[in-house]
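In case you want the letters, here they are:
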There are 2 protein chains.
Amino acid sequence: MATTTPKADKTRHRILRAAEKIFSKKGFRAMTVREVTREARVNLASVNYHFGSKQDLMQAVIEERFGPINRQRIALIEAARREAHPAPIALPKLIEIMVRPLFELAFQEPGNDTTVIRMIGRCMSEPTDFVQDVNEKTFAEITSLMMEELARTLPDASEADLRLCLFFTISTMIGAIGDEDRFRDVTRRKQTFEDTSEMVHRLVAYVVGGFLRVTHLPKQD
Amino acid sequence: MATTTPKADKTRHRILRAAEKIFSKKGFRAMTVREVTREARVNLASVNYHFGSKQDLMQAVIEERFGPINRQRIALIEAARREAHPAPIALPKLIEIMVRPLFELAFQEPGNDTTVIRMIGRCMSEPTDFVQDVNEKTFAEITSLMMEELARTLPDASEADLRLCLFFTISTMIGAIGDEDRFRDVTRRKQTFEDTSEMVHRLVAYVVGGFLRVTHLPKQD
DNA sequence: GTCTATAGAACGATAGAC
DNA sequence: GTCTATCGTTCTATAGAC
């Protein structure tokens with residue numbers, strides 16, 4: 001006997017890959033079910049059959065992609081905490097945990113294309129309400145975990161400054177991730193994100209520099 | 001006699017204000033002409049009469065808003081260059097020129113609302129092709145001017161590193177500007193961007209810290 | 001210059017045959 | 001589980017009266 005549902009799984013998978021590809025380029029509103037099924041080379045009706053609605057499809061894409069990244073970040077924080085114990089995790093290490101899984105998991109994909117990484121950026125700036133809701137829930141745990149560790153690593157900084165810096169950091173990452181075109185315009189590089197490690201290395205340095213300077217700002221409140 | 005076209009100008013203006021308000025919340029695709037005319041309390045057909053098409057309306061909104069911000073930045077750079085001459089402009093000063101006009105011009109609006117500032121962020125992450133084209137043209141001059149000055153201020157840094165840092169900086173600004181909801185989530189602040197000056201002060205510190213750390217990274221290429 | 005009415009196209013979703 | 005055919009909605013844009 002053959003396996004039970006080979007074709008269904010394949011169709012489902014093809015739809016998911018097509019959806020994230022188109023969403024990452026155009027956003028939720030401009031991603032039409034018609035274009036997704038055309039790109040996936042499946043029937044128009046199959047999206048509703050397998051997922052229920054366009055919104056349910058989008059939700060499935062987000063959850064499938066963001067879950068692993070955050071699980072890895074949480075695991076890395078816990079490992080780093082054990083390793084450093086009882087000292088706090090060093091700032092560059094902490095920032096790297098924030099930055100690297102985002103870039104590396106994205107490039108584990110076959111063809112090393114930038115679809116996943118662009119999808120994350122697109123997701124963050126997506127105006128549709130339900131996407132924002134899913135986003136908020138997906139990143140709530142890692143945000144509060146990161147704040148805890150930042151408070152340990154930089155005990156003299158105010159919580160308000162740390163939160164503001166974390167906000168800046170997420171902004172930097174999202175911008176750096178999502179906007180490949182602007183990346184090329186500004187940096188004038190031929191490649192896009194090919195040398196991930198070099199880029200991550202500099203991004204970590206940039207964020208660490210930012211944190212240190214803000215939290216060492218002369219008090220003036 | 002009364003002025004010649006008081007009502008036409010008023011309608012045009014109402015449409016522009018309504019368009020940027022709705023665009024800043026939802027992006028180009030989700031902004032419908034119907035909703036714009038409803039919000040502006042003008043007739044549905046008036047958008048096509050005054051602007052030609054939805055796309056032309058969007059173009060008018062962008063050019064009306066971005067022009068003054070970039071003109072002010074260019075003027076500030078030239079003034080700072082004269083003042084510092086023959087020394088280069090100090091890094092914090094240069095970064096402040098990049099950051100502050102964006103926030104301040106946005107808050108000159110009546111009611112101090114965040115529409116303009118959100119519009120800029122939304123514009124930067126807008127997937128529609130023609131918006132990206134307008135964006136690129138609008139910011140090409142200020143980008144190259146800023147690169148010139150950065151090269152003078154940080155003469156030991158490689159051009160590649162400076163471009164990458166500038167890219168990070170724009171990313172940080174865009175993220176910090178555009179995403180009021182995430183700002184509230186992460187920072188847990190009740191206000192949004194009320195205390196602009198405090199926010200700008202910290203954003204400048206963050207970016208300066210980032211630049212300095214990346215450009216002083218031990219060489220390893 | 002402003003209105004109503006509507007053309008014409010594209011969309012999400014579903015019914016029903018296979 | 002997959003297909004075709006289509007319904008009902010919503011959109012941009014325009015024609016034509018005022």
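These notes cover the structure that comes with them. Not measured: the values here are computed from a predicted model.

Below, the discussion takes up the pattern of salt bridges. All names here are of chain B. Applying the stated criterion to the full structure yields 22 salt bridges over all chains. In this structure, glutamate 149 and arginine 81 form a salt bridge, with 2.7 Å as the shortest nitrogen-oxygen distance. Of this pair, glutamate 149 sits in helix 7 (residues 129-153) while arginine 81 sits in helix 4 (residues 54-84), and the two are 68 residues apart along the sequence. The residue glutamate 96 makes a salt bridge to arginine 100 at a minimum N-O spacing of 2.6 Å. Pair noted here: glutamate 96 and arginine 100 are both in helix 5 (residues 91-106), with a separation of 4 residues, about one helical turn.

Turning our attention to the environment of Ala79(B). Residue and element names in this part refer to chain B. With respect to the helices, strands and loops of the structure, alanine 79 is situated in helix 4. Classification of alanine 79 as partly exposed rests on a relative accessible area of 33%. Each C-alpha atom, one on alanine 79 and one on leucine 154, is 19 Å from the other, the two residues being 75 residues apart in sequence.

Between chain A and chain B, the contact holds 52 residues from the first and 52 residues from the second. Between chain A and chain B the total buried area reaches about 4,700 Å² when both faces are included, carbon and sulfur atoms providing 62% of it. Considering only the surface of chain A that becomes buried against chain B, Phe167(A), Arg202(A) and Tyr206(A) emerge as the three largest contributors, covering 17% of it. At the junction of chain A and chain B, the tally comes to 2 salt bridges.

In the structure shown here, the tally under the stated rule is 9 aromatic pairs over all chains. Aromatic pair Tyr206(A) and Phe168(B): ring centres 5.2 Å apart, planes at 55°, arrangement tilted. On the criterion of chain membership, the pair formed by Tyr206(A) in helix 10 (residues 196-215) and Phe168(B) in helix 8 (residues 159-178) is interchain, its members lying in two chains. Considered together, Tyr206(A) and Phe168(B) belong to a single accessibility category, that of buried residues. Geometrically, the ring pair formed by Phe167(B) and Phe168(B) is tilted, given 6.2 Å between the ring centres and 45° between the ring planes. Across the pair, exposure class does not vary: Phe167(B) and Phe168(B) are buried alike. When the ring centre of Phe28(A) is taken as reference, the NZ or CZ atom of Lys54(A) above it lies at 4.3 Å.

Within an α-helix, residues lying three or four positions from one another point in the same direction, as the helix has 3.6 residues per turn. Taking 1.5 Å as the rise per residue, helix 4 (residues 54-84) of chain A with 31 residues should run 45 Å; its terminal C-alpha atoms sit 46 Å apart, in good agreement. A bend of about 25° at Phe66(A) is the largest found in helix 4 of chain A, and the proline Pro68(A) appears one to four places after it.

Okay, the protein's contact with DNA strand C next. Neighbouring DNA strand C are 17 residues, the closest being Arg34(A), Lys54(A), Asn43(B), Tyr49(B) and His50(B). One of the backbone nitrogen or oxygen atoms of Val33(A) is found 3.0 Å away from a phosphate oxygen of DNA strand C. Among the elements that take part in the surface near DNA strand C, helix 1 (residues 6-26) of chain B stands out by supplying 3 residues, more than any other. Tallied by class, residues from the surface near DNA strand C come to 7 nonpolar, 7 polar and 3 charged.

With an RMSD of 0.1 Å, chain A superimposes on chain B once it is rotated by 180° and translated 0.0 Å along the axis. On the angle and the small slide along the axis, the relation comes out as a two-fold axis. Here 100% of the contact residues of chain A are again contact residues in chain B; the copies associate through an equivalent surface.

This part is about the nonpolar core. Ranked by internal contacts, the top residues of the largest apolar core, which has 149 residues, are Phe211(A) and Phe211(B). Sequence-distant contacts of Phe211(B), defined by excluding residues within four places in its chain, comprise Tyr206(A), Leu91(B), Ile95(B), Leu150(B), Leu154(B), Leu162(B), Cys165(B), Leu166(B) and Thr169(B).

Here is what the cut-offs are and how they apply
Residues numbered from 1 in each chain as written. Chains lettered and ligands numbered in written order. Predicted model: local features only at pLDDT ≥ 70, side-chain atom pairs only at ≥ 80, totals over all residues. Heavy atoms only, no water. Salt bridge = Lys/Arg side-chain N within 4 Å of Asp/Glu carboxyl O. Helix = DSSP H or I, 4+ residues; strand = E, 2+ residues; numbered from the N terminus. Buried < 20%, exposed > 50% of the residue type's maximum accessible area, 1.4 Å probe, protein only. Contact = heavy atoms within 4.5 Å. Buried area = accessible area lost by both parts, 1.4 Å probe. Phe/Tyr/Trp six-rings, centres within 6.5 Å; stacked < 30°, edge-to-face > 60°. Lys NZ or Arg CZ within 6 Å of the ring centre and 35° of its normal. Expected span 1.5 Å × (residues − 1). Bend = angle between axes of the 7 residues up to and from the residue. Near = heavy atom within 4 Å. Polar contact = N/O pair within 3.5 Å; in protein donor to acceptor, adjacent residues only side chain to side chain. Nonpolar A, V, L, I, M, F, W, Y, C, P; charged D, E, K, R; others polar. Least-squares fit on C-alpha atoms with pLDDT ≥ 70 in both. Core = buried A, V, L, I, M, F, W, Y, C linked by side-chain atoms within 4.5 Å.

Shape is all these values report; function is a separate question.
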